[in-house]
Amino acid sequence: MFNTTCDVSHYLCSDKGLLLPFINEYTWNPYVRAFLYVLAMLWCFFGIAIVSDAFMCGIEHITSKTRTISIPNPEGEGFKLIEVKVWNDTVANLTLLAFGTSAPEILLNVIETCGHSFQAGELGPGTIVGSAAFNLFVITAYCIVCIPHGETRKIKHFFVFIVTSIFGIFAYVWLLLVLLVISPEVVDLWEAVLTFVMFPLLIVSAYLADKGIVCVKNRTSSEVEIGFDLDKSGPHSRGSADIIELARKLAKDSNANEDDVARAVASGIARNQPKPSSWYRVNATRMITGRHKLESTTSSLTEKFVDLGTSPHTAHKDSDGVPNGVNGAVSSNDVILQSKKAVVEFTAATCTVLENEGQVKVGIRRGGDLSKTIMVGVETIDGTAEAGGDYIAMKQLLTFEPGETLKYVSIEIVDDDVWEPDEFFFVKLFHHPEGSSTEEVVIGKLAINQVTIVDDDEPGTLEFSKPSYIVKESASAARLVVNRVNGADGEVTVKWVTKDMTARNRHEYEGGEGVVTFSHGETSKIIVIQINGIMQKDQEPNFQVELSSATGGALLGKITKTVVTIINDEEFHNMLTRIASKTKKNLDGLKLDTSTWAEQFRSAMVINGGDVQDATCLDYTLHFITFFWKVLAAFLPPPSMGGGWPTFISSLVTVGLLTAIVSDLASIFGCLVGLSDYITAITFVALGTSMPDLFASKCAAINEKWADSSIGNINGSNSVNVFLGLGLPWLLASIYWKIKGKEFVHPTGTVGMSVTVFTVCAVFTIVMLVVRRYMTIFGKAELGGPKTPKYLTCLLGLAFWVIYVLVSSMQAQGVLHAF
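Note that the structure is a prediction, hence the values are computed from the model and not measured.

Bringing the overall build of the protein into the picture now. Scanning the protein for helices and strands turns up 19 helices and 28 strands. Here the protein holds 819 residues, and 50% of them are scored as buried. Long-range contacts, defined as pairs at least 24 residues apart, comprise 76% of the intrachain contacts of the protein with a sequence gap of at least 6.

Structure below.
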């Protein structure tokens, strides 16, 4: 029951905050006050997350600095350009990046201690321990199960992980020693100094482990090859190759557009680039605040284009190694017209039959309206083959019953022992006088089928279908038809080889040599040669393909050489230019930071960073909730200014102010609902400050090859929380009370029991991760693995967090009195 009978100037919980309440709330209903305070606290968490976004961007700009050096090229003569990071990754993760993710918890404890006359409170330490518990237990458990089924993730820099884990455990053991053993409920100056000094000791130890000074097997490199530049990339760079391949697909798909392709390429390039831990933290923050996301969302159409696993230059082949749809002759379009009437046509425009086969079956299909019985006429017409001498003429009425879609007509072939050249005749569909009318049936485009009779008494002659081919640079490949004429008896082969002319192998095209095999009765094959495009736009390069060494008794025909000319496709070139420009724009939109204030305000004012097409209802809602904070963060200096330091300092000050407000909101809310500061800290505040880390770790676990960015840095961050988050305010308070000739009293309260439970569970969690790494049942990896074991270890991690919260809450509420 709330007590509201106190003095107007000292009403219920009015003395709990450092800055709040701003106005007199004496007449307010305490329940309404509690509700408004919790809403305000949640809203401020959004503000801290958004300002921390800018904070992390500034840190990333600082730590990502590189310098370019030249080293001897190990693959040949000359030198190779290498970018060397100025900051070591491990040092960056444990200093600026760890401070960036832990800044709210650290500043909360500093503000609470310094703002209350250098008296120790419960909210700051509770938030630090509560956040550490959530990070180690909940985030680790979630990352274990979020890995796609059948996949695993291991920690790459395992020895660094061991070092930070030892420090992570020792940090909380040291906290117990200071408060319970060495000088109970008193923090001496030397203890505060030693606590603070452990921070640089952690950094040095982790750096030595990272550089392999302690363990050679763990040695890492800070050298990174200079990456892809869309503006300066050559025709063989990954980015340009992707654009060319996708543009070719675009030219063949009427449902696609250039924006889809540009977004697909940008998404593919961004996905393949290595990302720091800060990238995932910033992206997670933007996902939960409705801001412009660093991941390019793609539509289903774009996903179809972005799949570059199968080269578009490689034709899909059937069991015989021939591209689908190519058997004897190039196939026709296989699409039946959609109509309210019945549509009848041949299944192919041509077919081939050996003379000794006796008959040929020609397929006729029906589409459109299938509900009625229809009849059409079919007849043969002489070509070079004559009825009676080469085949038996046929004219008949063909009937399709309701629902029937395919029928065959058989035509008898006359076999003789006299060799003669290949001959052909035609089969034609027509409206029979006794059949269905034109109002009921439409004859489709494939109304005539050419039947070629191949004399099988000779192995045949092999030659190209024509002496030259012209291929647009937009084509994925040149398809050269090799015909077998004047016989098809037995299996024969012929060799082919490409020769450079003005086109160069592995530049404008992918040449080589091979063997074409014709099985008995086969009369046509296709050689597929990949086309890369034109390197110099003022040329139309060409190359030659030559046939030689026919086997099986076959002869080479007149056309044994053909010249392939690659011609300019101006429309295709212009499309490539437009797509490249849009791709670069999309990549700029996926950058971690911005370069100008104008960009920051533009991004803050629009939903989803301006990407309205992919904005969801949730994005709209979050945009309006966080609009104030987005505009506020836009006033901070862009990370590109001053090397990122102005952003770092200004956002740190802003986070400090917001943290002071959250501290007051949490204290007053806890007071209004009857919860101690410690319970409020390990639940509401710890979850509010750690939720972005949960989403960031999940995203890193799924997308990264290793587990370092998801769980590898947790113990290091937890160590920094103690050494800075407690060491700094302890040092300031100890100096203050030392000057006054007194001791810095730090009541144990709930901290003793809470830290003890956390430390015990933390040891079990780290042991669990080590066991997972070395046991086959868990997939020999910290994350993922077989379904049942990974869910069991996930439940174990969640159980540790529940135990920690329950025991700490019971101690804080006076249910337990162990300490």
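The next point concerns the sheet that holds strand E9 (residues 350–354). A sheet is described by the order of its strands in space; here five strands give the open sequence E9-E16-E14-E11-E12, paired in mixed fashion. Only two strands of the sheet have a single neighbouring strand rather than two, namely E9 and strand E12 (395–400). Between one strand axis and the next, the sheet turns through 25° on average, direction left out of account. In this structure, strand E14 (residues 423–430) lies alongside strand E16 (residues 448–454), joined through six bridges in antiparallel fashion. Counterpart to Lys 428 in the pairing with E16 is Ile 448.

Time to look at the state of the cysteines. Under the counting rule described, the total for this entry stands at one disulfide. Covalently, Cys 13 is tied to Cys 671 through a disulfide, its sulfur atoms 1.9 Å apart. When the S-S torsion is -80°, as for the bridge of Cys 13 with Cys 671, the disulfide is left-handed. Of this pair, Cys 13 sits in the segment before helix H1 (30–63) while Cys 671 sits in helix H13 (residues 645–673), placing them 658 residues apart in sequence. Take Cys 671: its relative accessible area is 27%, and that puts it in the partly exposed class.

Turning our eyes to something else, we now look at the packing of helix H2 (residues 89–115) against helix H17 (residues 727–739). Packing of H2 against H17 leaves a shortest axis separation of 8 Å and a crossing angle of 15°. In terms of their interaxial angle, H2 and H17 are classed as roughly parallel. In the crossing of H2 with H17, the sense of the turn from one axis to the other is right-handed. Residues Asn 109, Val 110, Thr 113 and Cys 114 of H2 pack against Leu 728, Pro 729, Leu 732 and Ala 733 of H17. When its residues are assigned to classes, the contact of H2 with H17 shows six nonpolar, two polar and no charged.

Examined bridge by bridge, strand E11 (residues 374–381) and E14 share five bridges and lie antiparallel to one another. Bridge pairing in E14 places Thr 380 opposite Val 427.

This next bit is on a nonpolar patch on the surface. Taken together, the side chains of Leu 18, Leu 19, Phe 22, Ile 23, Trp 28, Val 32, Phe 35, Leu 36, Leu 39 and Leu 42 make up a nonpolar region of the molecular surface, amounting to roughly 950 Å² of accessible area. Tracing the backbone through its elements, the reader meets Leu 36 in helix H1. A relative accessible area of 39% means that Leu 36 is categorised as partly exposed.

On to helix H3 (residues 123–146), then. With 24 residues, H3 extends 32 Å from end C-alpha to end C-alpha; this agrees with the ideal 34 Å at 1.5 Å per step. When the local axis directions of H3 are compared, the greatest deviation, roughly 25°, occurs at Asn 135. Of all 24 residues in H3, 23 are buried, a share of seventy percent or more.

This part covers the pattern of salt bridges. When the charged atoms of two side chains lie near each other, side chains of opposite charge can form a pair. With the rule as written, the count across this model stands at eleven salt bridges. Across the pair Lys 499 and Glu 546 runs a salt bridge whose closest N-O atoms are separated by 3.1 Å. A residue pair is termed long-range when its members are at least 10 positions apart, and Lys 499 in strand E20 (residues 492–500) and Glu 546 in strand E24 (residues 542–548) qualify at 47 residues. Assessed through its relative accessible area of 40%, Lys 499 is described here as partly exposed.

As a further point, take the confidence of the model for the protein. Scored by pLDDT, the protein comes out at a mean of 80, with 79% of its residues at no less than 70. When the criterion is pLDDT under 50, residues 1–6 qualifies, and its contacts beyond four places in sequence or with other chains add up to eleven contacts. Counting contacts from residues 221–238, a segment whose pLDDT is below 50, to residues more than four positions away or on other chains yields 35 contacts.

Put simply, Leu 20 and Pro 21 share a cis peptide bond, and its omega is -5°. Tracing the backbone through its elements, the reader meets Pro 21 in the segment before H1. Phi is positive for Cys 13, close to 65°, though the residue is something other than glycine. Although it is not a glycine, Lys 780 adopts a positive phi angle of roughly 50°. Structurally, Lys 780 can be placed in the loop between helix H18 (751–774) and strand E28 (783–784). Of the residues examined, Lys 780 reaches a relative accessible area of 43% and is grouped as partly exposed.

Before going further, it helps to spend a moment on the environment of Ala 812. Tracing the backbone shows Ala 812 in helix H19 (residues 787–812). Each C-alpha atom of the pair Ala 812 and Tyr 678 lies 6.7 Å from the other, and the pair is 134 residues apart in sequence. Among all residues touching Ala 812, those that are not within four sequence positions of it are Ser 676, Tyr 678, Ile 679 and Thr 750.

It is worth spelling out the side chain of Ser 651 at this point. Following the sequence through the fold, Ser 651 ends up in helix H13. Of the polar contacts made by the side chain of Ser 651, one reaches the backbone oxygen of Phe 648; its length is 3.2 Å. Once residues lying within four places of it in the same chain are set aside, the contact partners of Ser 651 are Val 51, Ala 54, Phe 55 and Leu 636.

Next up on the list: the sheet that holds strand E8 (residues 342–346). The pairing of strands in a sheet happens through backbone hydrogen bonds and is either parallel or antiparallel. Pairing is mixed in the open sheet, where four strands are placed in the order E13-E10-E8-E15. Edge strands, defined here as strands with exactly one partner in the open sheet, are strand E13 (406–412) and strand E15 (441–443). Direction aside, the axes of adjacent strands within the sheet are offset by 25° on average. Here E8 runs beside strand E10 (residues 359–368); their pairing, made up of five bridges, is antiparallel.

With that out of the way, let us pick up the packing of aromatic side chains. Applying the stated criterion across every chain, the model contains 23 aromatic pairs. An aromatic cluster is present here, built from Phe 137, Tyr 172, Phe 758, Phe 764, Phe 800 and Tyr 804 joined pairwise through their rings. Of note, Arg 773 hangs over the ring of Phe 158, and the distance from its end group to the ring centre comes to 4.0 Å.

We now examine the packing of helix H5 (residues 189–210) against helix H16 (residues 714–725). Where H5 contacts H16, the axes come no closer than 7 Å and their chain directions differ by 150°. Considered as vectors, H5 and H16 are oriented roughly antiparallel to each other. Counted together, Thr 195, Phe 196, Met 198, Phe 199 and Leu 202 of H5 and Gly 716, Ser 719, Val 720, Val 722, Phe 723 and Leu 724 of H16 form the full contact between these two elements. Its residues assigned to classes, the contact of H5 with H16 comprises eight nonpolar, three polar and no charged.

All right, on to the nonpolar core then. Formed by 88 residues in total, the largest nonpolar core has its most connected members in Phe 137, Tyr 172, Trp 730, Phe 758 and Tyr 804. By residue number, the principal contributor to this core is H3, which donates 14 residues. Residues in contact with Tyr 804, not counting those within four places in the same chain, are Val 129, Gly 130, Ala 133, Phe 137, Tyr 678, Ile 682, Ser 754, Val 757 and Phe 758. Met 41, Cys 44, Ile 48 and Leu 636 belong to the second largest nonpolar core, which has 30 residues in total.

With that out of the way, let us pick up the environment of Glu 191. Here Glu 191 lies in helix H5. Overall, the relative accessible area of 0% leaves Glu 191 in the buried class. Between the alpha carbons of Glu 191 and Leu 731 there is a distance of 8.5 Å; along the sequence they are 540 residues apart. The contact partners of Glu 191, leaving out residues within four places of it in the chain, are Trp 174, Val 178, Ile 182, Ser 183 and Val 186. Reaching out from Glu 191, the side chain makes a polar contact with the side chain of Ser 183 at a distance of 3.0 Å. Within the structure, Glu 191 has its side chain in polar contact with the backbone nitrogen of Asp 188 (distance 2.8 Å).

Moving on, we come to the environment of Gln 600. Looking at where Gln 600 falls in the secondary structure, it is placed in helix H11 (residues 597–605). Distance from Gln 600 to Pro 637, taken between C-alpha atoms, is 9.2 Å for residues 37 residues apart in sequence.

Rules used throughout
Residues numbered from 1 in each chain as written. Predicted model: local features only at pLDDT ≥ 70, side-chain atom pairs only at ≥ 80, totals over all residues. Heavy atoms only, no water. Helix = DSSP H or I, 4+ residues; strand = E, 2+ residues; numbered from the N terminus. Buried < 20%, exposed > 50% of the residue type's maximum accessible area, 1.4 Å probe, protein only. Contact = heavy atoms within 4.5 Å. Pairing = 2+ DSSP bridges. Axes fitted to C-alpha atoms, helices over the stretch in contact; angles between N-to-C directions. Disulfide = S-S within 2.5 Å. Parallel < 35°, antiparallel > 145°, perpendicular 65-115°, else oblique. Left-handed = near helix turned anticlockwise from the far one by under 90°. Nonpolar A, V, L, I, M, F, W, Y, C, P; charged D, E, K, R; others polar. Patch = residues over 30% accessible without salt bridge, like charges linked within 9 Å, V, L, I, M, F, W, Y side chains within 5 Å. Areas by Shrake-Rupley, 256 points an atom, 1.4 Å probe, with all protein chains shown as cover. Salt bridge = Lys/Arg side-chain N within 4 Å of Asp/Glu carboxyl O. Expected span 1.5 Å × (residues − 1). Bend = angle between axes of the 7 residues up to and from the residue. pLDDT = per-residue confidence, 0-100. Polar contact = N/O pair within 3.5 Å; in protein donor to acceptor, adjacent residues only side chain to side chain. Phe/Tyr/Trp six-rings, centres within 6.5 Å; stacked < 30°, edge-to-face > 60°. Lys NZ or Arg CZ within 6 Å of the ring centre and 35° of its normal. Core = buried A, V, L, I, M, F, W, Y, C linked by side-chain atoms within 4.5 Å.

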